[in-house]
Amino acid sequence: MGFLREFERRVEGAVEGLFARAFRSGVQPVELGKRLVRAVEDSRQVGVSRVYVDNHYTIELSPRDRQRFADYERALTSELAALVVDTARENDWATMGPARVELETDEALSEGRFRVVSRVEASEQRPVAAARGWADEPAGPVGPATAMLPGEVRSSRQRAPASLTLLTVTGAVSQVYPLNQPEVMIGRSEQSDIALADPGVSRNHARIIREGDDFIVEDLRSTNGTEVNGQPIRRRRLADGDVVKLANSTLQYRREG
């Protein structure tokens, strides 16, 4: 999960390395991040046309751990809320309102122990993009740009045709596959829409599906997994120039306009 590594990097940079000195013992920020991602995944509910996840998360800490975070709580909760957003974006899940994370103290918890409680907190406001700055910003909620609220409709727009280009080990173009179907199967099977003669590729390795004007790549529980731009994925919305790697095979997503 690349967004977890990015979260850790942002938190450390936000306080100029002070976290590393302040948290030699007790709960570490990255532990909170990992548990939060799991809580987002566990909160999934299937709606009529989308999968929804909770948007309000409370992290209960021991008194000593909460005190350690006191000077950095605002920065940390802002980045944790952004992590909720990143998790929703990564999986194309929706929320009923902007993401929000709060810390609370539980006297019954011992040092190093914590729990995450989540719920739906509906909002009339549209989601807003996750903030990345720090200087005197309000500690308000953030929300995923790609996770739509109920009733929200993506704007219709004409887009150029898309394709996947198979690259050789030297980066040269080997073959171009137009994405002109609602679903394109990729695998080692000869029946695949994109058949790859790669022993490391599963028979049904991944698929490309069209959602409105966008294309999504999904790993089909393959043996060796699927990567986009070097990061393992389960489901990812593609952008022009993205590099999709399946075992030893490399495909580049291209879309003009």
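What counts, and at which threshold
- Residues numbered from 1 in each chain as written.
- Predicted model: local features only at pLDDT ≥ 70, side-chain atom pairs only at ≥ 80, totals over all residues.
- Heavy atoms only, no water.
- Salt bridge = Lys/Arg side-chain N within 4 Å of Asp/Glu carboxyl O.
- Buried < 20%, exposed > 50% of the residue type's maximum accessible area, 1.4 Å probe, protein only.
- Helix = DSSP H or I, 4+ residues; strand = E, 2+ residues; numbered from the N terminus.
- Phe/Tyr/Trp six-rings, centres within 6.5 Å; stacked < 30°, edge-to-face > 60°.
- Lys NZ or Arg CZ within 6 Å of the ring centre and 35° of its normal.
- Pairing = 2+ DSSP bridges.
- Expected span 1.5 Å × (residues − 1).
- Contact = heavy atoms within 4.5 Å.
- Polar contact = N/O pair within 3.5 Å; in protein donor to acceptor, adjacent residues only side chain to side chain.
- Axes fitted to C-alpha atoms, helices over the stretch in contact; angles between N-to-C directions.
- Left-handed = near helix turned anticlockwise from the far one by under 90°.
- Nonpolar A, V, L, I, M, F, W, Y, C, P; charged D, E, K, R; others polar.
- pLDDT = per-residue confidence, 0-100.

Draft legend 1. The arrangement of the pattern of salt bridges in detail. For the coordinates displayed, the defined rule picks out 15 salt bridges. Its salt-bridge partner being D106, residue R115 comes within 2.5 Å of it at the nearest N-O pair. In this structure R115 comes out as partly exposed when scored by relative accessible area, which is 35%. Residue E218 is joined to R207 by a salt bridge in which the shortest nitrogen-to-oxygen separation is 2.7 Å. One end of the pair, E218, is in strand β11 (residues 214-219); the other, R207, is in strand β10 (residues 206-211), with eleven residues separating them in the sequence. Taking relative accessible area as the criterion, E218 reaches 12% and is therefore assigned buried. One salt-bridge network, held together by shared partners, links R64, D65, R68 and E111.

Draft legend 2. Representation of the packing of aromatic side chains in the model. Tallying each qualifying case throughout the model produces one aromatic pair. Taking the centre distance of 6.2 Å and the plane angle of 55 degrees together, the rings of F215 and Y253 count as tilted. You can see F215 sitting in strand β11 and its partner Y253 sitting in strand β16 (residues 249-255), a full 38 residues away along the chain. Taking the ring centre of F114 as reference, the NZ or CZ of R35 above it sits at 4.3 Å.

Draft legend 3. Up close: the sheet that holds β10. An order of β9-β8-β10-β11-β14 is seen for the five strands of this open sheet, with the pairing classed as mixed. In this open sheet, the two strands that pair with only one neighbour each are β9 (194-195) and β14 (235-237).

Draft legend 4. Representation of helix α5 (residues 73-91). With 19 residues, α5 should reach 27 Å at 1.5 Å per residue; the first-to-last C-alpha distance of 27 Å fits that figure. In terms of residue burial, α5 counts as a mostly covered element, since 15 of its 19 residues are buried. Looking one or two places after α5, you find D92, whose phi comes out positive at around 60 degrees.

Draft legend 5. Looking closely at helix α3 (residues 29-42). Compared with the 20 Å implied by 1.5 Å per residue over 14 residues, the 20 Å span of α3 between its first and last C-alpha is a close match. Buried within α3 are the following residues: P29, L32, G33, L36, V37, A39, V40 and E41.

Draft legend 6. Representation of the environment of E73 within the structure. Mapping E73 onto the fold places it in helix α5. Note: C-alpha distance between E73 and L103 (30 residues apart in sequence) is 7.8 Å. Each residue touching E73, except ones within four places of it in the same chain, is listed here: R66 and L103. Side chain to side chain, E73 and R66 meet in a polar contact 2.9 Å long.

Draft legend 7. Just the pairing of β10, in detail. One ladder, built from four bridges, connects strand β8 (residues 183-187) with β10; its direction is antiparallel. From the neighbouring strand, M185 faces β10, where its bridge partner is R207. Across six bridges, β10 lies against β11 in antiparallel orientation. Note on β11: the bridge partner recorded for R207 is E218. As consecutive antiparallel partners, β10 and β11 are separated by two residues, and within that stretch G212 has a phi angle of approximately 65 degrees, a positive value.

Draft legend 8. Summary view of the packing of α3 against α5. Interaxial distance between α3 and α5 falls to 10 Å at its minimum, and their mutual angle equals 35 degrees. Of the two possible hands of crossing, α3 and α5 adopt the one that is right-handed. Two secondary-structure elements touch here, α3 through P29, L32, G33, L36, V37 and V40 and α5 through L76, L80, L83, V84 and T87. Of the residues assigned to the contact of α3 with α5, the class counts are nine nonpolar, two polar and no charged.

Draft legend 9. Representation of the confidence of the model for the protein in the model. Averaged over every residue, the pLDDT of the protein is 78; the share at 70 or more is 75%. Between the elements of the protein, mean pLDDT differs from a low of 48, seen in helix α2 (residues 18-22), to a high of 96, seen in β9. Ignoring residues within four places in sequence, the model shows residues 14-21, a span with pLDDT below 50, making nine contacts including any to other chains. Every residue in residues 125-154 scores below 50 in pLDDT, and together they form 73 contacts with partners more than four places removed in sequence or on other chains.

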